[in-house]
Amino acid sequence: MRTIRGAITIADNTENEIRENTITLLTQMMNQNQLLNHEVESIIFSVTKDITKAYPAKFARELNFPDTTFMCLQEMDVEGSLKMCIRVLMFINTPHHFPVSHVYLKKAAALRPDLAQKNQDVTL
């Protein structure tokens, strides 16, 4: 079992923004790590308190994860922290050993400046 982290920000608290950005983030995490859907055991989503229109897991199901379990939580509300942010902790079970590629997109790239160059090459 291994884990992959990711995060993305949304522009507005709308169901469509949550959907589009959840799918973008998960797709990039899968692509950058060359994962197959059945290798994803579970995904925990956390969102900042200003995201209230939909659960990200609702849209993750559109990506056809056959046996993956999902859970959504509210992120801690820390003073000065990034707003409008969806974070992901993906648990994978794969026989392949590879260097994990964590994905931080849009304003969430500020959470991991050490990964900024790698993720800035991703077209959104």
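Below is a short write-up of the structure. What you see is a predicted model, and the numbers here were worked out from it, not measured in a lab.

## What about the overall build of the protein chain?
Right, so step 1: Of regular secondary structure, the protein chain possesses three helices and five strands.
Right, so step 2: In the protein chain, the order of α-helices and β-strands from amino to carboxyl end is β-α-β-α-β-β-β-α.
Right, so step 3: Taken over the C-alpha trace, the protein chain has a radius of gyration of 14 Å; the compact-globule value for 124 residues is 14 Å, and the two agree within 12%.
Right, so step 4: Across its three principal axes, the protein chain shows a C-alpha extent of roughly 40 × 30 × 25 Å.
Right, so step 5: In the protein chain, once contacts between residues fewer than 6 apart in sequence are set aside, the share between residues at least 24 apart is 81%.
Right, so step 6: Of the roughly 7100 Å² that the protein chain leaves accessible, carbon and sulfur atoms contribute 51%.
Right, so step 7: Averaging the coordinates of the 13 positive side-chain charges in the protein chain and doing the same for the 14 negative ones gives two points 2 Å apart.

## A closer look at the pairing of strand E1 (residues 2–9)
Right, so step 1: Relative to strand E4 (residues 85–92), E1 runs antiparallel, the two being bridged by eight bridges. Along E4, the bridge assignment pairs Thr3 with Phe91.
Right, so step 2: Sheet topology places E1 next to strand E5 (residues 103–104); two bridges connect them, and they run parallel. Residue pairing in the sheet places Gly6 in a bridge with Val103 of E5.

## Details of the pattern of salt bridges
Right, so step 1: Counted under the stated rule, the structure contains six salt bridges.
Right, so step 2: Where Glu15 meets Lys58, a salt bridge forms, and the shortest distance between an N and an O atom there is 2.9 Å. Remark: Lys58 occurs in helix H2 (residues 56–60) and Glu15 occurs in helix H1 (residues 15–32); sequence separation between them is 43 residues.
Right, so step 3: Residue class for Lys58 comes out partly exposed when judged on its relative accessible area of 43%.
Right, so step 4: A salt bridge links Arg19 to Glu62; the nearest nitrogen and oxygen atoms lie 2.8 Å apart. Of this pair, Arg19 sits in helix H1 while Glu62 sits in the loop between H2 and strand E3 (69–74), and the two are 43 residues apart along the sequence.
Right, so step 5: Judged by its relative accessible area of 44%, Glu62 falls in the partly exposed class.
Right, so step 6: Here the salt bridges do not stand alone but share partners, grouping Lys49, Asp77 and Lys83 into one network.

## Quick word on the nonpolar core
Right, so step 1: In this structure, Leu26, Met29, Ile43, Phe45, Ile86, Val88 and Met90 are the most contacted members of the largest nonpolar core, which totals 29 residues.
Right, so step 2: Examining the composition of this core, we find that six residues originate from one element, H1, more than from any other.
Right, so step 3: If sequence neighbours within four positions are ignored, Ile86 has contacts with Gly6, Ala7, Ile8, Ile10, Ile18, Thr22, Leu25, Phe45, Ser46, Val47, Ile51 and Pro56.
Right, so step 4: Ala7, Cys85, Tyr104 and Ala108 belong to the second largest nonpolar core, which has five residues in total.

## Regarding the packing of aromatic side chains
Right, so step 1: What the rule picks out here adds up to two aromatic pairs.
Right, so step 2: Ring geometry for Phe45 versus Phe70: centroids 6.2 Å apart, planes at 35 degrees, classification tilted. On the criterion of sequence distance, the pair formed by Phe45 in strand E2 (residues 40–47) and Phe70 in strand E3 is long-range, its members being 25 residues apart.
Right, so step 3: By relative accessible area, which is 0% here, Phe45 ends up buried.
Right, so step 4: With a centroid separation of 6.0 Å and 75 degrees between ring planes, the pair formed by Phe65 and Phe70 is classed as edge-to-face.

Scoring rules and cut-offs
Residues numbered from 1 in each chain as written. Predicted model: local features only at pLDDT ≥ 70, side-chain atom pairs only at ≥ 80, totals over all residues. Heavy atoms only, no water. Helix = DSSP H or I, 4+ residues; strand = E, 2+ residues; numbered from the N terminus. Rg over C-alpha atoms; globule rule 2.2 N^0.38 Å. Contact = heavy atoms within 4.5 Å. Areas by Shrake-Rupley, 256 points an atom, 1.4 Å probe, with all protein chains shown as cover. Lys, Arg positive; Asp, Glu negative; His and termini not counted. Charge placed at Lys NZ, Arg CZ, Asp CG, Glu CD. Pairing = 2+ DSSP bridges. Salt bridge = Lys/Arg side-chain N within 4 Å of Asp/Glu carboxyl O. Buried < 20%, exposed > 50% of the residue type's maximum accessible area, 1.4 Å probe, protein only. Core = buried A, V, L, I, M, F, W, Y, C linked by side-chain atoms within 4.5 Å. Phe/Tyr/Trp six-rings, centres within 6.5 Å; stacked < 30°, edge-to-face > 60°.

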